[in-house]
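# Architecture at a glance
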Amino acid sequence: MASHGARGRSGGRPTLEEVAARAGVGRGTVSRVINGSPRVSDATRAAVEAAVAELGYVPNTAARALAANRTDAIALVVPEPETRFFAEPYFSDMLKGVGSELADTEMQLLLIFAGSDRERERLAQYLAAHRVDGVLLVSVHADDPLPDLLSQLEIPAVISGPRSAAESLASVDSDNYGGARSAVEHLLSRGCRRIAHITGRLDVYGAQRRVEGYREALRDAGVAVDEDLIEAGDFTEDGGRSAMRELLRRAPDVDAVFAASDVTAAGARQVLREAGRRIPDDVALVGYDDSAIARHMEPPLTSVRQPIEEMGRAMIDLLLTEIADRRPAASRGLERHQVVLATELVERTSS
């Protein structure tokens, strides 16, 4: 009897034909056993499995994928510069969730940056060749053409946050509106009334929803919304610094700041300290994401926790469902899959 790991007759990797010969069955029967078909008797299945073990046969997954018109690859597409991807914990946490959910599958994960026009053109050509089974889109802006391209190519796709309330693709997001409300309500409960908001990029729907939550929390508390206390940011530390400088120029009596990300809050904190404002004594500060930055800041930052790793896992679950039925959602007559996960305010000493 050949030992486990034996080579085929050619001295190389054992073939499907050699497994069939060893088991005394046809090539098609071996293929059915390997692919889990129920149309095989228990005795035949046992004989094929024994031959597979004796020869050390490893199925050629690439060939199987090709035969099934599959690549067994998923692309995680980030339409941002690489520098932002590696600077912001949001992206690494998302990648961690995606990777953990894919760990028990045979799918390969490709990380693709599409922050420049040239990168987008290259990506469009790559996707048009159908070299992946599905796409995860992270950090999508309202005018991004990639989601529409994926729809045209009928490539299964899931995005991290819809582009608008009328999103046509499957999406996974956190409750941006509710998270912002909880941040502002917390600051109001601390006696703050001149609460500023440094927004995220306003071509991102999630950032728009945070502004709406900020406004509504103030209105519901009977506090007038002062437009001078709202300054556009871009989720970055530099953006937080420049926005905070502008806010202090326009509204020096600000007594609290709600920043659209922890990274933005870090930039705002630096400017507040340079201006001699104590946190939280003079100005309370709240961020968003509850990243490692929030925990390690001095003082530790109160932040809205969004379950980013869980969002990554949910995106993979949705995408695998889309891949299993490759027809476009419109032709299936199904409701769009829009998953919204709850947020949680984590209170620390910055507020």
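The following paragraphs examine the structure supplied in this document. (Residues numbered from 1 in each chain as written. Predicted model: local features only at pLDDT ≥ 70, side-chain atom pairs only at ≥ 80, totals over all residues. Heavy atoms only, no water.)

### Description of the environment of Thr 236
- As for its placement among the helices and strands, Thr 236 is situated in the loop between strand S7 (230–231) and helix H11 (237–250).
- Beyond its immediate stretch of four places on either side in the chain, Thr 236 contacts Glu 88, Val 263 and Thr 264. (Helix = DSSP H or I, 4+ residues; strand = E, 2+ residues; numbered from the N terminus. Contact = heavy atoms within 4.5 Å.)

### Digging into the packing of aromatic side chains
- Here the structure, examined in full by the defined rule, presents six aromatic pairs.
- Aromatic pair Tyr 90 and Phe 91: ring centres 5.5 Å apart, planes at 85°, arrangement edge-to-face. Grouping residues by exposure puts Tyr 90 and Phe 91 together as buried.
- Three or more aromatic residues joined by ring pairs make a cluster, and in this case those are Phe 85, Phe 86, Tyr 90, Phe 91 and Phe 113.
- It is Arg 210 that lies over the ring of Tyr 288; its NZ or CZ is 3.6 Å from the centre. (Phe/Tyr/Trp six-rings, centres within 6.5 Å; stacked < 30°, edge-to-face > 60°. Buried < 20%, exposed > 50% of the residue type's maximum accessible area, 1.4 Å probe, protein only. Lys NZ or Arg CZ within 6 Å of the ring centre and 35° of its normal.)

### Here's the deal with the sheet that holds S7
- Taken in spatial order, the six strands make up an open sheet running S7-S6-S8-S9-S10-S12, and their pairing is mixed. Each having just a single partner strand, S7 and strand S12 (344–346) make up the two edges of the open sheet.
- Direction of pairing for strand S6 (residues 195–198) relative to S7: parallel, over a ladder of two bridges. Residue pairing for S7: His 197 is matched across the bridge by Ile 230.
- Helix-sheet contacts for helix H9 (residues 176–189) involve S6, strand S8 (256–259), strand S9 (284–289), strand S10 (302–305) and S12, and the interaxial angle to S9 is about 165°. (Pairing = 2+ DSSP bridges. Axes fitted to C-alpha atoms, helices over the stretch in contact; angles between N-to-C directions.)

### Brief notes about the side chain of Asp 144
- By the secondary structure assignment, Asp 144 is in the loop between strand S3 (134–137) and helix H8 (146–153).
- Here the side chain of Asp 144 touches Arg 120 through a polar contact of 3.0 Å, side chain to side chain.
- A distance of 2.9 Å separates a polar atom in the side chain of Asp 144 from the backbone nitrogen of Leu 146.
- Residue contacts for Asp 144: discarding those within four places in its chain leaves Pro 79, Arg 120 and Arg 163. (Polar contact = N/O pair within 3.5 Å; in protein donor to acceptor, adjacent residues only side chain to side chain.)

### Some points on the packing of H9 against helix H10 (residues 205–220)
- For the pair H9 and H10, interaxial distance at closest approach is 7 Å and the crossing angle is 40°. Our classification of the angle between H9 and H10 gives oblique. You can see that H9 and H10 cross each other, and the crossing is right-handed. Mapping the contact onto sequence places Asn 176, Tyr 177, Ala 180, Arg 181, Val 184, Glu 185 and Leu 188 in H9 and Gly 206, Arg 209, Arg 210, Glu 212, Gly 213, Tyr 214, Glu 216, Ala 217, Leu 218 and Asp 220 in H10. (Parallel < 35°, antiparallel > 145°, perpendicular 65-115°, else oblique. Left-handed = near helix turned anticlockwise from the far one by under 90°.)

### What about the pattern of salt bridges?
- For the structure shown, the criterion picks out 26 salt bridges.
- A salt bridge links Arg 194 to Asp 226; its shortest N-O distance comes to 2.9 Å. Of this pair, Arg 194 sits in the loop between H9 and S6 while Asp 226 sits in the loop between H10 and S7, placing them 32 residues apart in sequence.
- Given the relative accessible area of 24%, Asp 226 is considered partly exposed. (Salt bridge = Lys/Arg side-chain N within 4 Å of Asp/Glu carboxyl O.)

### A closer look at the environment of Gly 240
- Relative to the assigned elements, Gly 240 resides in helix H11.
- For Gly 240, a relative accessible area of 0% translates into the label buried.
- C-alpha of Gly 240 to C-alpha of Ala 259: the two residues are 19 residues apart in sequence and 7.8 Å apart in space.

### Digging into the sheet that holds strand S5 (residues 170–174)
- One open sheet holds the six strands; their spatial order is S2-S1-S3-S4-S5-S11, and the pairing between them is parallel. Of all strands in the sheet, those with a lone pairing partner are strand S2 (108–113) and strand S11 (338–341), marking the two edges. On average, each strand axis in the sheet is inclined to that of its neighbour by 20°, with strand direction left out of account.
- Sheet topology places S3 next to strand S4 (residues 157–160); three bridges connect them, and they run parallel. Bridge assignment links Leu 136 to a residue of S4, and that residue is Val 158.

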